[in-house]
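Chain by chain, the residues:
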Amino acid sequence: MRILDLLKSESVDVHAQADNKDQAINHLVDLMNNQGNLKDKEIYKQGIYAREELSTTGIGEGIAIPHAQSETVTAPGLAAMVVKNGVDYQSLDQQPAYLFFMIAVPKTGGNEHLQILAMLSQMLMDTEFKDKLINAKDKEEFLNLINEKEVSQRQKEETKKEEQNAFSGTYRLLAVTACPTGIAHTYMAAEALEEKAKQMGISIKVETDGSGGVKNAPTAKEIAECEAVIIAADKNVEMARFNGKPVIQVKVADGINKAEELINKAISGNAPIYHSDHAVQSDEETSSEGIGRTIYKHLMNGVSHMLPFVIGGGILIALAFLFDDFSINPANFGTNTPLAAFFKKAGDTAFGFMLPILSGYIAMSIADRPGLAVGFVGGALANAGGSGFLGALAAGFAAGYLVNGLRRLFDHLPDAFEGLKPVLLYPFFGILFMALGMTFLINPPMSAINNGITGLLNSMGGSSKILLGIVLGGMMAADMGGPINKAAYVFGTASIATGNYDIMAAVMIGGMVPPLAIALATFFFKNRFTKKEQQTTLTNIIMGFSFITEGAIPFAAADPLHILPSCVIGSAVAGGLSMALGCTLMAPHGGIFVIGVIGNPIGYIIALTAGSIIGMIMLALLKRPLKNAS
């Protein structure tokens, strides 16, 4: 596909008349409609104005590129016009716009046209080429200029790829460019930064996060070796990978219009250091780090996306029990009153997404966007097939590596299939093989493991409730949100259905202790922790009271040999005391906020306090004072 496959003669006007921005947009929409690729030009125009509300597409230097992605577009297209006298388009540089390209993109379809539009955006960064288009005498000259420039641009891109492949040094700068639609500004900013860096003799690698996906992403080694990073983006990009690096964050328009200024600031040594509180989630090459660390990163990507569903849904379910009347119908406790039924339905809906979200985002961490759908389906099949959390965990990793395998397999296909891969080949074959794998390979053994764990815990419950409470409490702190924690939690929630409310009480208290023990330790034994760790006291108190065990993960990851034993012992004590004091809990989540549905709430608070204090004391004994707590 070439630019002139999208830009037809009937959609070009080199002698257009427009007195203002609205007239310019109306005329461009009419030109686009001449191609016959709009089912409803008014709906398409609404999409153009919606994009303008995000930020003006008048990028400056006399150019405007209004664009929209809409369900009313049946085929990708371009329209172009020149207004010789200029139009006040509210451009970024407050100067008139003379050259206009309007882009129409379908909601679904291949991404080959996006690559063409990206190339056009890069071509327009050439001032001489832009001026020639503005001064074109007729449509034929206008289209010929584009055709000739595209040939040279393709050659330039090939040369750039060859140079990048042959480059064996260290990039001084890295950059990421992204805009909400990922059609034009993303690539114009990348082109501006690359060209300016080349003129200044500075090596740079620019990642583009456009509609066609992430391209040219830096490796872990390149990130570690670069001097600074420039983020020119109007949407969220993956930032955790840049933790500890000097980072400049600006609008994508600044990448286009202030490239030299950004580069000078980046190499000045004065760029602020970026600090991330999240686990790294980028799909890096694993050769530079251990397999265990790589697996942990993918797992945390799934867990971090799953938590809002668990927490929000769990608290809503807890409210359902809080506002319900047990005496109406004990068998339907949680849905007896209309208000309770509302909270229960909302909470259950959120909980229903838990396993597909976990699996989907593990797969996405491994295989980027193509892995998401395959992982979601795997998680849903794990839920339906009885393999639960462990099955969803296995499904996420299987889906990610399955899609990576399909990528390598389909790399041998002709270039004509490139646009079909993300919308047809990856999802079809990925979901098909995922369904087969879940049915015959993952669900049967994982279901057996789940049943085995449940049977073991049930057998303990019959012999010693206190011992069961100790084991469940300790399991909740053993990996703080990982498979052992989730196995205990699932057992606790399943026990609610059988009326064993004391088990759920021990499970929740075991999950509440780790953040609370750490919070107490950071407050009373400050010399064992850095200044940054000391600042988390209040956060961990809130997370502990909210039954969010994962608040302790950063501490456990940084110092597992001291943190984990302390938290496990504290949680085990709390779980055992909860059982011994006869505490019960009819809600699967909510922490201290569901105290109204906790049986023997005073005993529960005593058990929670005792476990947290013991955890704190263990931390103080095991962790040595730091030489410089900073």
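Positions within a chain are numbered from 1, following the residues in the order the chain's sequence is written. Only residues with pLDDT of at least 70 get local features here, since the model is predicted, and only at 80 or more are side-chain atom pairs given and counted; chain-wide, interface and lining totals rely on the full set of residues. Note that the side-chain values use all heavy atoms of the structure and ignore hydrogens as well as water.

## Quick word on the pairing of strand β10 (residues 228-233)
Buried, partly exposed and exposed residues are distinguished by accessible area as a fraction of the type maximum, computed with a 1.4 Å probe on protein chains only: under 20%, between the cut-offs, and over 50%, respectively. Each helix is a run of DSSP H or I of at least 4 residues and each strand a run of E of at least 2, with the numbering of both proceeding from the N terminus. Buried residues dominate β10, accounting for six of its six residues. Burial along β10 is two-sided: the face carrying Ala228, Ile230 and Ala232 and the face carrying Val229, Ile231 and Ala233 are both buried. Bridge count for β10 against strand β11 (residues 247-250) is four bridges, and the pairing is parallel. Among the inter-strand pairings, Val229 is bridged to a residue of β11, identified as Val247. The rule for pairing is simple: two strands pair if DSSP sees at least two bridges between them.

## Focus: the environment of Ile518
Its location among the elements puts Ile518 in helix α19 (residues 501-524). Taking C-alpha positions, Ile518 is 7.7 Å from Gly615, a pair spaced 97 residues apart along the chain. Residue contacts are defined here by distance: any two heavy atoms, one from each residue, within 4.5 Å place the two residues in contact. Setting aside residues up to four positions removed in sequence, Ile518 forms contacts with Asn540, Ala552, Phe555, Ile563, Cys567 and Leu619.

## Topic: the packing of α19 against helix α21 (residues 537-545)
Closest axis-to-axis distance for the α19/α21 pair is 7 Å, and the angle between their directions is 155°. Classified by the angle between their axes, α19 and α21 sit roughly antiparallel to one another. Crossing hand, α19 versus α21: left-handed. Here Met512, Pro515, Leu516, Ile518, Ala519, Thr522 and Phe523 of α19 lie close against α21, whose contacting residues are Thr537, Asn540, Ile541, Met543, Gly544 and Phe545. Residue type decides the class: Asp, Glu, Lys and Arg count as charged, Ala, Val, Leu, Ile, Met, Phe, Trp, Tyr, Cys and Pro as nonpolar, and the leftover types, Gly among them, as polar. Among the residues forming the contact of α19 with α21, the class breakdown is nine nonpolar, four polar and no charged. Between N-to-C directions, angles cover 0 to 180 degrees, with each direction set by a line fitted to C-alpha atoms, over the stretch in contact for helices. When an angle is under 35 degrees it counts as roughly parallel; over 145 it counts as roughly antiparallel; between 65 and 115 it counts as roughly perpendicular; any other value is oblique. Each crossing is labelled by how the near helix is turned from the far one, with a counterclockwise turn of less than a right angle marking it left-handed and a clockwise turn marking it right-handed.

## A look at the pairing of strand β6 (residues 97-106)
Along a regular strand, successive side chains alternate from one face of the sheet to the other. Taking burial as the measure, the 10 residues of β6 include nine buried ones, the bulk of the element. Inspection of the sheet shows strand β3 (residues 63-64) paired to β6 by two bridges, in the parallel sense. Residue Ile63 lies in a different strand from β6, and its bridge partner there is Leu99. When strand β4 (residues 67-70) meets β6, the two strands line up parallel, connected through four bridges. Within β6, the residue paired with His67 across the bridge is Ile103. Pairing between strand β5 (residues 77-87) and β6: seven bridges, direction antiparallel. Paired with Gly77 across the strands is Ala104, a residue of β6.

## Some words on the side chain of Asp254
In this structure, Asp254 sits in helix α9 (residues 252-257). Under the relative-accessibility criterion, Asp254 is labelled buried at 15%. Excluding residues within four positions of it along the chain, Asp254 makes contact with Ala259 and Leu262.

## Remarks on the packing of helix α13 (residues 354-367) against helix α15 (residues 388-410)
The description of two packed helices rests on the angle between their axes and on the distance between the axes. Packing of α13 against α15 leaves a shortest axis separation of 8 Å and a crossing angle of 30°. For the element pair α13 / α15, the angle class is roughly parallel. Crossing of α13 against α15: the hand is right-handed. Taken together, the residues that form the contact of α13 with α15 break down as 14 nonpolar, five polar and one charged.

## Here's the deal with the pattern of salt bridges
Only one rule defines a salt bridge in this text: a Lys or Arg side-chain nitrogen within 4 Å of an Asp or Glu carboxyl oxygen. Going through the model one piece at a time under the given rule, you end up with 18 salt bridges. Salt-bridge contacts for Glu128 lead to Lys132; the nearest nitrogen and oxygen are separated by 3.7 Å. Taken together, the positions of Glu128 and Lys132, both in helix α5 (residues 127-134) and four residues apart, correspond to about one turn of that helix. The class for Glu128 is exposed, based on a relative accessible area of 52%. On the basis of relative accessible area, Lys132 is assigned to the partly exposed category, the value being 42%. One salt bridge connects Lys465 with Asp502, and the closest N-O pair in it is separated by 3.4 Å. Note that Lys465 is positioned in helix α17 (residues 465-478) and Asp502 in helix α19, a separation of 37 residues in sequence. Exposure remark for Lys465: the relative accessible area of 31% places this residue in the partly exposed category.

## What to know about the nonpolar core
With 38 residues, the main nonpolar core has Leu472, Met508, Leu585 and Tyr604 as its most contacted residues. Those elements that place two or more of their residues in this core are α11 (291-322), α17, α18 (483-497), α19, α23 (560-580) and α24 (601-622). Among the elements that line this core, the one with the most residues is α19, at 12 residues. Buried residues of nine kinds, namely Ala, Val, Leu, Ile, Met, Phe, Trp, Tyr and Cys, make up a nonpolar core once their side-chain atoms join them within 4.5 Å. Ranked by size, the runner-up nonpolar core spans 32 residues in total, among them Leu7, Val14, Ala136 and Phe142.

## A look at unusual backbone geometry
Backbone geometry at Gln90 places phi at a positive 55°, although glycine is not the residue there. You can see Gln90 is positioned in the loop between β5 and β6. Its identity as a non-glycine residue notwithstanding, Asp368 has a phi of 65°, on the positive side. Locating Asp368 in the fold gives a position in the loop between α13 and α14 (370-385).

## Considering the packing of aromatic side chains
Whether two aromatic rings pair depends on their centres lying within 6.5 Å, for rings of Phe, Tyr and Trp, where Trp uses its six-membered ring; planes under 30 degrees apart make the pair stacked, over 60 edge-to-face, and the rest tilted. One pass over the structure, following the stated rule, counts 12 aromatic pairs. Between the aromatic rings of Phe309 and Phe353, the centroid separation amounts to 5.9 Å while the plane-to-plane angle is 50°, which identifies the pairing as tilted. Note that Phe309 is positioned in helix α11 and Phe353 in the loop between α12 (338-352) and α13, a separation of 44 residues in sequence. A relative accessible area of 26% means that Phe309 is categorised as partly exposed. Judged by its relative accessible area of 40%, Phe353 is partly exposed. Centre to centre, the rings of Tyr489 and Phe547 are 6.0 Å apart; their planes meet at 50°, and the pair counts as tilted. Of this pair, Tyr489 sits in helix α18 while Phe547 sits in the loop between α21 and α22 (553-558), and the two are 58 residues apart along the sequence.

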